[in-house]
Amino acid sequence: MTGTTVSDAGDADEAELARMGYKQELKRDLGLLQNFGVSFSIISVITGVPSLFLFGLNTGGPAVMVWGWVVVACFTMLVGLAMAEVCSAHPTSGGPYFWAAMLSKPENAPFASWVTGWFNLLGQVAVTTGISFACANFISTAATLQSDFVPTASKTIGIYAAVLVAQGLINTFGVNILRYLNNISVWWHAVGTTALVIAILAAAPSHQSAHFVFQTFIDNTGVDGFGWSQRASPAYVVVIGILMAQYTLTGFDASAHMTEETHNAAVSGPIGIIMAIGVSAVLGWFLILGLLFSIQDLDATLASETGQPVTQIFLDTVGSKGAIVLMVIVIGAMFFCGTFSITSNSRMMYAFARDGGIPGHTFFHKVDKKRKSPVRTVWLACTLSFVLALPSLGSAVAFSAATSIATIGLYISYAIPILLRVIYRASFVRGPFHLGIFSYPVALLAVVWIAFISIAFILPQENPVDSQTLNYSIVAVGIVVTYSLGFWVISARKWFKGPVRQIEAEEMGIDVTNPAEFERIEKIGKA
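Reading the values: the criteria
Residues numbered from 1 in each chain as written. Predicted model: local features only at pLDDT ≥ 70, side-chain atom pairs only at ≥ 80, totals over all residues. Heavy atoms only, no water. Core = buried A, V, L, I, M, F, W, Y, C linked by side-chain atoms within 4.5 Å. Buried < 20%, exposed > 50% of the residue type's maximum accessible area, 1.4 Å probe, protein only. Contact = heavy atoms within 4.5 Å. Helix = DSSP H or I, 4+ residues; strand = E, 2+ residues; numbered from the N terminus. Phe/Tyr/Trp six-rings, centres within 6.5 Å; stacked < 30°, edge-to-face > 60°. Salt bridge = Lys/Arg side-chain N within 4 Å of Asp/Glu carboxyl O. Expected span 1.5 Å × (residues − 1).

Student: Help me understand the nonpolar core in this model?
Tutor: Side chains of nonpolar character tend, in soluble globular proteins, to be buried together. Among the nonpolar cores identified, the biggest contains 147 residues, and Phe53, Val79, Leu196, Phe252, Leu291, Leu292 and Phe314 are the most heavily contacted of them. Ignoring anything within four residues of it in the chain, the contact list for Phe53 reads Met65, Met244, Leu291, Leu292, Pro309, Val310 and Ile313.

Student: Where do I start with unusual backbone geometry in this structure?
Tutor: Leave glycine aside and you will find that most residues have negative phi; peptide bonds, for their part, are mostly trans. Positive phi, close to 40 degrees, is recorded for Ser44, a residue that is not glycine. Mapped onto the elements, Ser44 comes out in the loop between α2 (32-43) and α3 (45-51). With phi around 55 degrees, Gln146 is a residue other than glycine that occupies positive phi space. For Gln146, the position within the fold is in the loop between α7 (109-144) and α8 (153-173).

Student: I'm lost on the packing of aromatic side chains in this one. Help?
Tutor: Each aromatic ring pair is characterised by the separation of its centres together with the angle its planes make. Tallying each qualifying case throughout the model produces 29 aromatic pairs. Ring geometry for Phe487 against Trp495: centres 6.3 Å apart, planes inclined by 70 degrees, an arrangement best described as edge-to-face. Judged by relative accessible area, Phe487 falls into the partly exposed class, the value being 28%. Seen from their ring centres, Trp495 and Phe496 are 6.3 Å apart, and the 80 degrees between their planes marks the pair as edge-to-face.

Student: Help me out: how do you make sense of the pattern of salt bridges in this one?
Tutor: Applying the stated criterion across every chain yields a total of one salt bridge. For Glu85, the salt bridge is made with Arg421, and the minimal N-O distance between the two is 3.3 Å. Of this pair, Glu85 sits in helix α5 (residues 61-89) while Arg421 sits in helix α20 (residues 398-423), and the two are 336 residues apart along the sequence.

Student: Explain α8 to me, please; I cannot follow it from the model alone.
Tutor: An α-helix turns once every 3.6 residues. As a result, residues three or four positions apart point the same way. Between its terminal C-alpha atoms α8 stretches 30 Å, which fits the 30 Å expected from 21 residues at 1.5 Å a residue. Considered for burial, the residues of α8 that qualify are Thr156, Ile157, Ile159, Tyr160, Val163, Leu164, Gln167, Gly168, Asn171 and Thr172. Where α8 is buried, its residues meet α7, α9 (178-203), α17 (309-354) and α19 (375-389).

Student: So what exactly am I meant to see when it comes to the environment of Gly356 here?
Tutor: Inspection of the secondary structure assignment puts Gly356 in the loop between α17 and α18 (361-364). The exposure class of Gly356 is buried, given its relative accessible area of 2%. Considering only alpha carbons, one finds Gly356 and Trp495, 139 residues apart in sequence, at a separation of 9.1 Å. Excluding residues within four positions of it along the chain, Gly356 makes contact with His361, Trp495 and Phe496.

This is the structure in structure tokens:
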């Protein structure tokens, strides 16, 4: 009986994919737990919070970290709810890129999906950079414990390259075990985070006061001691200080990118998105509170020789041997997180290449027939993520800039289909998951929030601004905007048709990866 049910569900999923114009090429063997697990593992509070903990302490301090998390979590849930509704109506691995085309007027669909696709690609690459580079940083820091290892920028880049190669190999040869790694990752994150917080709270010789944790504002954004709260306003520091929370609660579109590999995708995808945000929000606040209450000496923590205040908290509470154990928990979570980020990243690039959206699409639009995995885009994701981290060799704010790029890129790609859902709400066909009368106000609030953070995270983070402290997220975002719009005007508008109706096209004998072929067929009136 169970086998029949699964088979019927699989047929329904393939039929839904066919309705949207695609063949079932990826292996569909994930359930709700695995779909939730991918997003939960990519959000990974035990990755985002520790990696930006120093930034948070210096940019607003405990009060902004604690209450900023609550505010950001609420608005992120609105974004997730709006996305979930769209995902239910259009469950495909293209995610926001596909939704933008489906929710636009036919004449505007190619342009909407083109711009959305490029912002999503930028965000996907940057979020992989942020995750795996943090993993490399923490490996460097862990290596200093009970040894004479001295981290340098070049050594960290080398470790980062090794991390990416390992994650790429898992996504290449271990695709059949990804679902099992996914299950392990969910438990690693949930149990690991809980155990870590309990351990440091129980072992801490003393605890900070509630006043310190909930009300203390700190501004160390000034390189020369003159911070943004003095030069501009404390409110400015609060605005840029919420980056830690917003960057951490990012990447839940992974549930959408994995829908072509998920049973009952129109329900599992949306629930996966909402569950991932909700569970991560609660677990993340628990982690932040645990770390802040366990700080022994604030100045010593900020000026830690390890370079990571979280590591210093571990050393001060559980000692060097205990710190190594807790660092292994954090590094393991970061590695899982980066592995599944590449999984999600490669699926998005595959979907974009399938429709001719990226340079070299004829090469990258290939699924390994044996493994049913887009191996070529796996390594494209790894390569681009490595390149994006190279500025860390000469920039003091490279990591926070990479996290800003990830947040801006991904959230703008979320905003475009949500906004189109609002503009063309009369023609929107709901899926099995929908918000009813709350659909319009939730979507509107989500778009307003994304517009706000997109401006906030390109602002300078340290004062004064120079070559070392420049927030180069504006440069990366500018390059993507210039390229995507410029190439659209020059060439892509002539041939890019948005998400290709692959089944129909292939039945006509059209090479769906060749824009020139589409143009030729159109000219003779056959497409």
